[in-house]
Amino acid sequence: MSRYLLKYILLPLAIWVSSGTCPALFGGIALAQDIKPWSGFGIEANAIGGKVYKHEKKFTLPIPALTTGLDIDLLLHTYGKKEWEQRRRYPTIGIGFAYINYGIDSIYGRCFGIYPNIIVPLWRGKNLEWTLRMGDGIGYVTKTFRRIAPVDTINVAIGSHINDFAMFLTDLRYHINQHWDMQLGAGMTHISDGSFHKPNLGINMMSGHIGVRYSPVTSRPVHIVRKQEPLKNRWLVQVRGSMAYVASYTPGGPLYPVYLASGYVSR
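**Q** How should I be thinking about the overall build of the protein chain in this particular structure?
**A** For the protein chain, the helix and strand inventory stands at two helices and ten strands. Once local pairs closer than 6 in sequence are excluded, the contacts in the protein chain between residues at least 24 apart make up 66%. When the accessible surface of the protein chain is summed, it comes to about 15100 Å², and 65% of that surface belongs to carbon and sulfur atoms.

So, in structure tokens, the structure goes:
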């Protein structure tokens, strides 16, 4: 589900905002020497509370009453130090660390995730803004489906410890001052191993969160604006080859190689 959300909704939205047609962006003009070190850097922490939901009939696990977690994001609001930052409308990028306690440790276990992310402004006022954060990385899950000791044949959602970890958050953020923000929002978390091991139904969680953000220097660095030459309309040719493994439908069954070749031309 999260892959379709990323491909058809969130990714086009990010491209729309970065194209400069979205009115939510703000900026200014400054010289590089006027920018203080660590401008735009911040640390954000969110307490998470939510619930796992059944996304298909095969998901027969008991649903925990409450799922809790903690999310920490190290982020940087770019200000034009590199040319691409100005061309992409000064995005906010980050690296997130998440901990999730699903609520029934003997079955689900716990998840530790690390994920690069981008924060897109949807609307921005003087002290209030609405944002969207999209991230995808790696998650380690402590409990998986097992037929040998320690046996866990109830967990038909996760077949391996290492999984894809995706997190999508939307926030309503209030800027207290240039150092402190408070945010309240909702989100979705998804883990799956891409059928590298079966079973692989994945675990989806809907949640709400509340947290704070601290920026040691400033959360709103003045943007560096340079005169830019138009990009050339170049022809690009690319060929790719890749290989993966997929498990049979039997839990704990053999792995089979998958090969993929692709190519495209763009301008």
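**Q** Honestly, the pairing of strand 8 (residues 203-214) in this entry has me stumped. Any pointers?
**A** Looking along a regular strand, one sees side chains alternate from face to face of the sheet. Where strand 1 (residues 41-52) and strand 8 come together, ten bridges link them in antiparallel fashion. Considered in strand 8, the bridge of V52 is made with M205. Sheet topology places strand 7 (residues 180-192) next to strand 8; twelve bridges connect them, and they run antiparallel. In the strand pairing of strand 8, A186 is matched with G208.

**Q** Can you help me understand the pattern of salt bridges in this one?
**A** Between side chains of opposite charge, a pair can form as their charged atoms come close. On inspection of all chains with the given rule, the structure shows ten salt bridges. A salt bridge links R110 to D105; the nearest nitrogen and oxygen atoms lie 3.2 Å apart. In this structure, the salt-bridge partner of D171 is R173, at a minimum N-O distance of 3.8 Å. Owing to a relative accessible area of 1%, R173 belongs among the buried residues under this scheme. Connected via shared salt-bridge partners are E44, D71, D73, R124, E129, R133, D171, R173 and R213.

**Q** Can you walk me through the confidence of the model for the protein chain in this structure?
**A** As a note on interpretation, predicted positions should not be read in detail where pLDDT is low. Predicted confidence across the protein chain gives a mean pLDDT of 87, with 87% of residues reaching 70 or more. With pLDDT under 50 throughout, residues 4-8 is counted as low confidence; its partners more than four residues away or in other chains account for eight contacts.

**Q** Looking at this structure, how should I read the pairing of strand 2 (residues 67-77)?
**A** In strand 2, alternate side chains face the same way, and those of T67, G69, D71, D73, L75 and H77 are buried while those of T68, L70, I72, L74 and L76 on the opposite face are not. Examined bridge by bridge, strand 1 and strand 2 share ten bridges and lie antiparallel to one another. Following the sheet pairing, G50 is matched in strand 2 by T67. The sheet contact formed by strand 2 and strand 3 (residues 92-101) spans ten bridges and is antiparallel. Counted as the bridge partner of G69 is I100 from strand 3.

**Q** Explain the nonpolar core to me, please; I cannot follow it from the model alone.
**A** One recurring pattern in soluble globular proteins is that nonpolar side chains are buried together. Formed by 23 residues in total, the largest nonpolar core has its most connected members in Y102, Y108, F165, I191 and I203. Counting residues per element, this core draws most heavily on strand 6 (residues 162-175), at three residues. Counting residues in each nonpolar core, the second largest holds seven residues, with V120, L122, L132 and M134 among its members.

**Q** Please clarify how the environment of P257 should be interpreted in this entry.
**A** Position of P257 relative to the elements: it lies in strand 10 (residues 255-266). Beyond its immediate chain neighbours, meaning those up to four positions away, P257 contacts M243, A244 and Y245.

**Q** What am I meant to see in the environment of L66 here?
**A** Checked against the element boundaries, L66 lands in the loop between strand 1 and strand 2. Taking the C-alpha atoms as reference points, L66 and G103, separated by 37 residues in sequence, lie 5.9 Å from one another.

**Q** Would you mind showing me how to read unusual backbone geometry here?
**A** What you tend to see is this: most non-glycine residues have negative phi, and most peptide bonds are trans. The residue after A149, namely P150, is reached through a cis peptide bond having omega -5°. For P150, the location among the structural elements is in the loop between strand 5 (128-141) and strand 6. Cis geometry is adopted by the peptide bond preceding P199, which originates at K198 and carries an omega value of 0°. Relative to the helices and strands, P199 is located in the loop between strand 7 and strand 8. Of note in the backbone geometry, R89 takes a positive phi value of approximately 65° without being a glycine.

Calculation criteria
- Residues numbered from 1 in each chain as written.
- Predicted model: local features only at pLDDT ≥ 70, side-chain atom pairs only at ≥ 80, totals over all residues.
- Heavy atoms only, no water.
- Helix = DSSP H or I, 4+ residues; strand = E, 2+ residues; numbered from the N terminus.
- Contact = heavy atoms within 4.5 Å.
- Areas by Shrake-Rupley, 256 points an atom, 1.4 Å probe, with all protein chains shown as cover.
- Pairing = 2+ DSSP bridges.
- Salt bridge = Lys/Arg side-chain N within 4 Å of Asp/Glu carboxyl O.
- Buried < 20%, exposed > 50% of the residue type's maximum accessible area, 1.4 Å probe, protein only.
- pLDDT = per-residue confidence, 0-100.
- Core = buried A, V, L, I, M, F, W, Y, C linked by side-chain atoms within 4.5 Å.

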